[in-house]
Amino acid sequence: MYDVIIIGGGIAGLSASVKLNQNNVKSCLLVEARDRLGGRMMTSAESGLDLGAQWIHGGVHANSLYNYAIKKGLLKEEKQIKDGGWDGELFYTSQGRVTDPESSKKAWEIYERIYNEAENYFRRDSYSDDYGNSIQTFYNMRSKEELEKLRLEDSSDSDYNFEDMKLILESLVLKFAGYLGDTFEEAGLSTYGTAIELPGGDVVLPKGTESIIEELHKESGPIRLNEKVSRVEWNKDGATIFIDKNPEEVLRAKHVICTVPLGVIQNNLITFQPSLGQAKENALANLRPGRISKIFLHFQEPFWLPGEGELAFAWSHQEMDEGRQKNDWTTSVPGMNEVDGHSNVLCMWVCGEAALQVDNLQENDILKGASLLLRKFTGDPEISTPNRITRHAWMKDPLCMGTWSYPSLHSKHEDYFELMKPLPSEDNPRLLLAGEHTHPTYWSFMHGARLSGIEQAEKIIKFVEQKQLLQYNL
């Protein structure tokens, strides 16, 4: 019997394993269903592109992952920062027109104001019934209010193009959705900002997120790959783990930390007997696993200069609605951006139901759609078709079933605290959940996943130490 079994070899599971190993919990085993470690942190061996998680969000010392990367020498002295703020990027319309620069900048300022309000909405003493806890309703209402306010305040000699501003604000719902992890329909307003966004920008890892995984692997305990867990039977004394490929083989442990993604649990690809209990099941059901498709487009020759490869598509509400009705995935693409260190690559993001559609498309269909998008919005019929793509279809992946998580209309902040509570009790931590979908302060972030694994491991360490102390005193 093992002291601890960790299910899942992503950053949460590996961080838990390292923590246990550093605290002399030697009888610890990590089991991973894939033939590799890292989970949704996956760097392409061929291109060096990060197919999943890409940045350390928050280059400050309040970020444990940032500190770890520095300690392990994974960041250059001149660290690369991707700033999501206004950098003069241009918005292109579906008629191949560039929007007015000053109006574009003002629309971006309004967008950032509304985004910051949404992020801090949970801090309010009371919530308005006008929004129905919906980010979608909140954004649409606030955009309209801000434009009307500007019209009233604006002098007659203003150069603002209000039609352009309205169009840009409509299109920026896709940018917001891309950060949220899905389209707005099911996103909860009152819980959204509870994931604290640290300052310091998005830090680029020169060798990809896999460099983090490699360092954690060096410090972790024993690992078994290609071991897919199908069932966990637990009680007040420990747990029995059943392996999918060999039902007769079981693993036993005094404690289990389960770090599998939210989509895997929601689709019952791993079951628990007895169940996790109504409170945890409700908390899990309230969350959404995220639907984003991230696709790298490789061009024979770039049509942009370094620093000029940011293209934001200004879709109107009408265009996006008609696109959804026609199952046209391209109307859910907010834009494309150049990729650091890859002069001939653009990254394209697809949000929501369209992302699931794209994950099921063949490469040639994606290449065709992407090239049509570029020609349509730039107005340049001579832009070449990319020659290949690099991607990982996370929503089709049975070991993920989604991307990063987010709270739904029904979520409460208390749900995250519930998910971090051990079973059967705090005093007897036998079954614990971890992963980016469980952390109350940094859910959805890599550093949130890391902290969840560490914090759950600490509960087991404390339990073991107290038990040893009791035995010593006896």
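Going by the structure above, here's the rest.
What you are looking at is a predicted structure, and each value in this text was computed from that prediction instead of being measured. (Residues numbered from 1 in each chain as written. Predicted model: local features only at pLDDT ≥ 70, side-chain atom pairs only at ≥ 80, totals over all residues. Heavy atoms only, no water.)

Student: Even after reading the chapter, I still don't get unusual backbone geometry, so can you show me in this structure?
Tutor: For the bond running from Gln 273 to Pro 274, omega is -5°, close enough to zero to count as cis. Summarising the element assignment, Pro 274 is placed in the loop between β11 (271–273) and α9 (278–286). Residue Asn 24 is not a glycine yet carries a positive backbone phi of 60°. Structurally, Asn 24 can be placed in the loop between α1 (11–22) and β2 (28–31). If you check the backbone angles, Met 401 has positive phi at about 60° while not being a glycine. In this fold, Met 401 is placed in the loop between β17 (388–391) and β18 (406–407). Judged by relative accessible area, Met 401 falls into the partly exposed class, the value being 25%. (Helix = DSSP H or I, 4+ residues; strand = E, 2+ residues; numbered from the N terminus. Buried < 20%, exposed > 50% of the residue type's maximum accessible area, 1.4 Å probe, protein only.)

Student: Please explain helix α5 (residues 162–180) as it appears in this structure.
Tutor: One full turn of an α-helix is made of 3.6 residues, so residues set three or four places apart face in the same direction. Here α5 spans 27 Å end to end across 19 residues, near enough to the 27 Å set by a 1.5 Å rise per residue. Within α5, the axis deviates most sharply at Ser 171, by approximately 25°. Taking burial as the measure, the 19 residues of α5 include 15 buried ones, the bulk of the element. The backbone nitrogen of Glu 163 lies 3.1 Å from a side-chain oxygen of the residue at the head of α5, namely Asn 161. Once α5 ends, the next one or two residues include Gly 181, with phi positive near 115°. (Expected span 1.5 Å × (residues − 1). Bend = angle between axes of the 7 residues up to and from the residue. Polar contact = N/O pair within 3.5 Å; in protein donor to acceptor, adjacent residues only side chain to side chain.)

Student: Hey, could you run me through the nonpolar core in this one?
Tutor: Where a protein is soluble and globular, its nonpolar side chains tend to be buried together. In this structure, Ile 7 and Ile 270 are the most contacted members of the largest nonpolar core, which totals 110 residues. A total of 11 residues in this core trace back to one element, the largest contributor, which is α5. In this structure, Ile 7 is in contact with Val 31, Val 229, Val 232, Ile 241, Val 256, Ile 257, Cys 258, Thr 259, Val 260 and Ile 270, ignoring residues within four places of it in sequence. With 33 residues, the next largest nonpolar core counts Ala 12, Leu 20, Met 41 and Ile 56 among its residues. (Core = buried A, V, L, I, M, F, W, Y, C linked by side-chain atoms within 4.5 Å. Contact = heavy atoms within 4.5 Å.)

Student: What's the story with the environment of Gly 73 in this structure? I'm lost.
Tutor: If you trace the backbone, Gly 73 turns up in the loop between α2 (64–71) and β4 (81–82). Accessibility expressed as a relative area gives 57% for Gly 73, which makes it exposed. Placed 70 residues apart in sequence, Gly 73 and Ser 143 show a C-alpha to C-alpha distance of 44 Å.

Student: I would appreciate a short explanation of the packing of helix α3 (residues 101–119) against α5 in the present structure.
Tutor: Each packed pair of helices is defined by two parameters, the angle between the axes and the distance between the axes. Two elements in contact, α3 and α5, have axes whose closest approach is 9 Å; the angle formed by their N-to-C orientations is 45°. Comparing their axes, α5 and α3 come out oblique. Crossing angle aside, the handedness with which α3 passes α5 is right-handed. Judged by residue contacts, Ser 103, Ser 104, Lys 106, Ala 107, Trp 108, Ile 110, Tyr 111, Tyr 115 and Ala 118 of α3 engage Asp 164, Met 165, Ile 168, Leu 169, Leu 172, Lys 175, Phe 176 and Tyr 179 from α5. Grouping the amino acids of the contact of α3 with α5 by side-chain chemistry returns 12 nonpolar, 2 polar and 3 charged. (Axes fitted to C-alpha atoms, helices over the stretch in contact; angles between N-to-C directions. Parallel < 35°, antiparallel > 145°, perpendicular 65-115°, else oblique. Left-handed = near helix turned anticlockwise from the far one by under 90°. Nonpolar A, V, L, I, M, F, W, Y, C, P; charged D, E, K, R; others polar.)

Student: Hey, could you run me through the packing of aromatic side chains in this one?
Tutor: For any pair of aromatic rings, geometry is given as the distance between the ring centres together with the angle between the planes. Per the stated rule, a full pass over the model turns up 21 aromatic pairs. Ring centres of Trp 108 and Tyr 111 lie 5.1 Å apart, and the angle between their planes is 40°; on these two criteria the pair is classed as tilted. You can see Trp 108 and its partner Tyr 111 sitting in helix α3, 3 residues apart, about one turn around the helix. In terms of burial, Trp 108 and Tyr 111 fall into one category: buried. Ring geometry for Tyr 121 versus Tyr 131: centroids 6.1 Å apart, planes at 75°, classification edge-to-face. Highlighted residues: Tyr 121 in the loop between α3 and α4 (135–153) and Tyr 131 in the loop between α3 and α4, separated in sequence by 10 residues. Taken together, the ring pairs in this structure connect Trp 108, Tyr 111, Tyr 115, Tyr 139, Phe 176, Tyr 179, Phe 184, Tyr 192, Tyr 416 and Trp 443 into an aromatic cluster. A cation over a ring is seen here: Arg 450 above Tyr 68, with NZ or CZ 4.6 Å from the ring centre. (Phe/Tyr/Trp six-rings, centres within 6.5 Å; stacked < 30°, edge-to-face > 60°. Lys NZ or Arg CZ within 6 Å of the ring centre and 35° of its normal.)

Student: So what exactly am I meant to see when it comes to the pairing of β2 here?
Tutor: Residues in a regular strand project their side chains so that they alternate between the two faces of the sheet. What you see with β2 is no split at all: Cys 28 and Leu 30 on one side and Leu 29 and Val 31 on the other are buried throughout. Sheet topology note: the strand β1 (residues 2–7)/β2 ladder contains 4 bridges and is parallel. Its bridge partner lying in β2, Val 4 is registered against Cys 28. Considered for its hand, the β-α-β crossover made up of β1, α1 and β2 is right-handed. Where β2 and strand β7 (residues 223–224) come together, 2 bridges link them in parallel fashion. Its bridge partner being in β7, Leu 30 is matched across the sheet by Ile 223. (Pairing = 2+ DSSP bridges. Right-handed = clockwise from strand over helix to strand, strands pointing away.)

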